[in-house]
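# Per-entry structural report
Listed below are the residues making up each chain.
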Amino acid sequence: MEIELLTPSKETTDIILEEGGDDLKSCFQCGLCTGVCPWNRVTTFSLRKLIHKAQLGVVDFEDDEVWRCVACNACVERCPRDVQMPLLMRAIRRVIMEVGAGIVPHSLRISEKNISAVGNPLGEPAEKRMDWAKDLGVKTFTKGTEMLYFPCCYQAYDPPTRKAAIATVNILKKIKADFGIPDNSVVCCGESIRKAGAESLYRKLAETNIKIFNDLGVKKILVTSPHCYHTFKDEYPEFGGNYEVIHLSQYLDQLIRGGKLKFTKPLVKKVTYHDSCCLGRYQRIYDEHRQVLTSIPGIEFEEMRDNREYSLCCGGCAGRLWMETKKGERFSELRLEQVAEVGAEILAVSCPYCMANFNDAVLTTGKSETIEIKDLSELVSEAL
Amino acid sequence: METPKIGVYVCHCGSNIAGTVDVQQVVEFAKKLDSVVVAREYKFMCSDPGQNMIKEDIKNLKLNRVVVASCSPLLHEPTFRHAVQEAGLNPYLFEMANIREQCSWTTEDHEKATEKAKALVSAAVKRVRYHQPLETKDVPVNPATLIVGGGIAGIQAALEIADAGHKVYLVEKDPSIGGHMIQFDKTFPTLDCSACILTPKMTSAGSHPNIELMTYSEVEDVSGFIGNFKVRVRKKARFVDEEKCNGCGVCMEKCPWKAPSEFDLGLGERKAIYTPFPQAVPNIPVIDKEHCVYFLRGRCRACEKFCERGAIDFEQQDKIVELEVGNIIIATGYDPFDPTPIVKYGYNRYPNVYTALEFERLCNAAGPTGGKIVLRDGSEPKSVAIIHCVGSRDENYHRYCSRVCCMYALKYSHLIKEKTEADVYQMYIDMRCFGKGYEEFYERLSKEGVKFIRGKVAEVTDRALTDEEKGKLIVCGEDTLLGTVIRVPVDMVILCIALEPRSDAKQVAQLFRISQGADGFFIERHPKLDPVATMTDGIFIAGCCQGPKDIPDTVAQASAAATRVLSLISKGKVELEATVAVIDEEKCSGCRVCNILCPYNAITFIEDKEVSRVNEALCKGCGTCVAACPSAAITHKHFTTEEIMAEIEGVLV
Amino acid sequence: MSFEPKIVGFCCNWCSYRGADLAGTARMKCSPNVRIIRVMCSGRVEPTFILKAFELGADGVLVLGCHPGDCHYVEGNYKAARRMPLLKKMLAQMGIEEDRVRLDWVSASEGDRFVAIVDEMTEKVRALGPFKNNFKEAKYG
């Protein structure tokens, strides 16, 4: 038997550092990240060890563990040394995706190829991107339109998720907003594939969208995906895309406060809300959803055990949505237990990834009869 | 003797005593003892209400003896003596029974603890009957102070006392003051240069009108007591006349003979006539007889020829100086641990394994390499491993943590990163960065890309297993954070060696009648509340001779010791213990046995009367003479034979 | 119930008494049979104290001083040590077993050593059984 002896590799560490893993230097191995990581509710995963391996340049790039992190930021929220775990994991993944070390999981590779080829991870034809809005009488954004509504790829193609986009349009029409949707030339925002390490692909996507937006003179973008929100607002400026980005929840909250949105139909249901990581811990948008939900007449609102900054991730960020997660290891299933715990009939979400994951989970856990997953936009639209 | 009227007070000390000892039972027991007028219990006797209870009883019940059964008399005897005195009784008419430290805390069985407490109370009651009122006496304090050790602690203390206007004798065994601190390159966590912050203080100490610097000197004998010590100092022959020498340095320049520099730990050379380093205070060289060819073979005298002032004096002899001082501060510092016995770490076997102190000199711009961090062959290291806890936290060497290594190891990382391209590995057990700004320094160094590997290094070897390891020193051990054995090939290894007591700490302790702990460092009077005093009044300790510590803590202790001395000087007098020995001249047979036995020479023989007499100012009250007197002519006040006999009777109830 | 010996312990103020206090402060447990009498120095312990203790019913006597060289009074403990062989001889003549008296050293930092000595002494004396006071006969017989 060969004894495994470990020798630190400065070269490997340096590559990870070059790919943006600078935060590995800050880690002093306290293990809090491992302690708070949702993975350890379902299996064993030492983030701490993975960072230490990165520090010493001894990461096993062929091991699944480098693909585990869902970039939920639960650890970042509490890290005593402010280690930005998603950036660190992204750097490690870039070494695989961009530099060519290790193995990219098959399912992720397919999504990456789809995005690259047709501009969406689902592999749907680019020319059908705006088909969802065909019968809604929505105008395409042209120069001078006040606001661009940009639905996520899932909201464009995936039928159950698409309802959110439709509901959003309903609301916008109701208040007579001056808005338009993009044409079929836009592509995936790229947020998740970037976190999965495909940096050059991301840059292409960003550049494509930015060119379109800039050519059209877009100033304000309304989004219904927290992921689009995050990358448009925080990452696109680096590549020349500077826009006022607003998430529907914020927009609705403004409307309600300004008295521009009047509810007419009460919704007598017990509702709870799932904070998406990307709006919550990333953007600290917590109150808007709750204000919107509680202003809908009839709704009895109740918080789940893990809420706001301690919310439990649905398991879908950073490309995990595209990767296979074993049954029994899915955070979404745990989350549904929390929904059941408070006896809510409706789980409100405001993220297409959360929507997709929970829609799966209600089926796999046999809760489809008792729990309904609805986007915030759908609930508001129904109550108008 | 007046009729004794004794009050007994049993303390609960919260649950510290009452949790084990049945206080009620002890009180009932005490009530029945002879001459006991009142026996009470209270939750905290040392509190104001507790003390007031005693005072009230003394007034109302006309008590003339008091017994408190509570904690150790070493803790609260002064408290209760004071309370008794406030109520108009002589403070010595009080006795304490230690039913906490020596009873409730050491005994598990409640019944046995209660029995023991009763016996201790009974002993105190029986003893206190014999107590006599005693008066204390004052003696003046000599305002001069002796400070032993010219490192940062000694310098700091000397300056504080001298600045307050009092005479200080600063004795240093080496040719210059400065201690270990002047050997350091930078100081953590601020990274200010050690010499830059220390040399101004050294110069002030050297030129201060109130400081008499006695370098190259050692204390040989100490006698006397607080306020009035007599000290004998040997000034070793420098072979250079201090009065004549102007420190021009020509002698050193002209001296043709070289020797390894102690100051550079043998990494560099000095001349046979030398000052240890250029900023030496005083700037007066010494001739090293071991290496001076004139002393070895009888010719050369180059230094003498070139010295314009005629300061070289080959005939110079050691000089004995007698000093009289009121207080003494011991600041003798530490020795660096010699890692040679830890064979596996390769010190003295692999040339590129350095000790921390050697590395300090290597980093220092005035050091043997001019501040270049290089290997023995002059090349720059590409990787360096810093091994923590070498000789510290190790039952085989020293159990204690040396407290400064984590921080200087971080400092080294910074210096290496600053001066070379090398990769730095910290091989640590725990990072201990407890001081102000220390954790922040740790974080800063982490961000500079230093690699931390947790685990005690097992071995440093040159046996390569792979090509990559060839020609390297391979540091092996477990990375306990990965649970894997790790091999780190590096060019240079730095051992963070322990700080250990000076090799002559035992002699110093005996000379000054202070104690050493199990680790060999000097013991303070109380680890928390009296950190710079010793068990010997008038003798204080500061700096690393008390235990490993960093510069800020050392300076704080030195200032504390200086303050203690200054408060004694400003008070101007010390109260002598009243518990001294007295000789009944009627009974004394004049055999003089006690004269020889007394360690303080406090007993003199009065020739014309043919009796011995105790000088109360010199007597420290040990009672040795009392025990030895064949005529039973000597009484030890407050420890009289009757008192002790009564106590024996008491504990045996 | 087993025999609980009564042992008188003389401790000097500077080292052993503090060592005994430290045992308590550190909450170490030790047998309660040794009852301590504080003297300033072990050199103060007169042979008559020890004899008196036996006369009054002690089953053993323990004298604890500073370690050699550590005496607060320079050499009081040497004095105590020098007296011990003489005393033991005297005790032997009186029929007092050697193990009933012990002179030892405990420093202020050796709470554990204090406990070890006290426990050991207690067990030794327990094994010897109660001391039968036949002093008067020994003295005058």
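Residues numbered from 1 in each chain as written. Chains lettered and ligands numbered in written order. Predicted model: local features only at pLDDT ≥ 70, side-chain atom pairs only at ≥ 80, totals over all residues. Heavy atoms only, no water.

## Some thoughts on the nonpolar core
A:Met85, A:Trp132, A:Phe213, A:Phe232 and A:Tyr251 are the most contacted members of the largest nonpolar core, which totals 135 residues. For A:Met85, the contacting residues outside a window of four places in its chain are A:Cys33, A:Leu47, A:Ile51, A:Cys69, A:Cys75 and A:Val76. Core analysis: the next-biggest nonpolar cluster, separate from the first, contains 110 residues, B:Val141, B:Cys406, B:Val490 and B:Leu499 among them. (Core = buried A, V, L, I, M, F, W, Y, C linked by side-chain atoms within 4.5 Å. Buried < 20%, exposed > 50% of the residue type's maximum accessible area, 1.4 Å probe, protein only. Contact = heavy atoms within 4.5 Å.)

## Examining the environment of A:Asp178
All names here are of chain A. By secondary structure assignment, the location of Asp-178 is in the loop between helix 8 (159-174) and strand 2 (179-180). For Asp-178 and Asp-64, which are 114 residues apart along the polypeptide, the C-alpha to C-alpha distance reads 47 Å. Not counting residues within four places of it along the chain, the set of residues in contact with Asp-178 comprises Lys-139, Gly-144, Thr-145, Glu-146 and Met-147. Here Lys-139 takes part through its side chain, which lies 3.3 Å from a polar atom of the side chain of Asp-178. (Helix = DSSP H or I, 4+ residues; strand = E, 2+ residues; numbered from the N terminus. Polar contact = N/O pair within 3.5 Å; in protein donor to acceptor, adjacent residues only side chain to side chain.)

## Looking at the sheet that holds strand 25 (residues 473-479) of chain B
Residues and elements named next belong to chain B. Taken together, the three strands give an open sheet; going across it, the order is 24-25-26, and neighbouring strands pair in antiparallel fashion. Edge positions in the sheet fall to strand 24 (457-461) and strand 26 (484-490), since each has one partner strand and no second. The mean inter-strand angle of the sheet, taken between neighbouring strand axes irrespective of direction, is 20°. Bridge count between strand 24 and strand 25: four bridges; the pairing is antiparallel. (Pairing = 2+ DSSP bridges. Axes fitted to C-alpha atoms, helices over the stretch in contact; angles between N-to-C directions.)

## A short note on the interface of chain B and chain C
In this complex, chain B contributes 49 residues to the contact, which on the side of chain C involves 45 residues. Inspection of the chain B/chain C interface yields two salt bridges. With its nearest N and O atoms 3.1 Å apart, the salt bridge here joins C:Glu4 to B:Lys112. In this assembly, chain B and chain C are joined by 14 residue pairs in polar contact (both at pLDDT 80 or more). Of all elements in the fold, only helix 3 (73-86), helix 4 (100-104), helix 5 (110-128), helix 17 (624-628) and helix 18 (641-651) of chain B reach the threshold of two or more residues within the side of chain B that touches chain C. Per element, the largest residue contribution to the side of chain B that touches chain C is seven residues, and it comes from helix 18 of chain B. (Salt bridge = Lys/Arg side-chain N within 4 Å of Asp/Glu carboxyl O.)

Read these as geometric descriptors, not functional statements.
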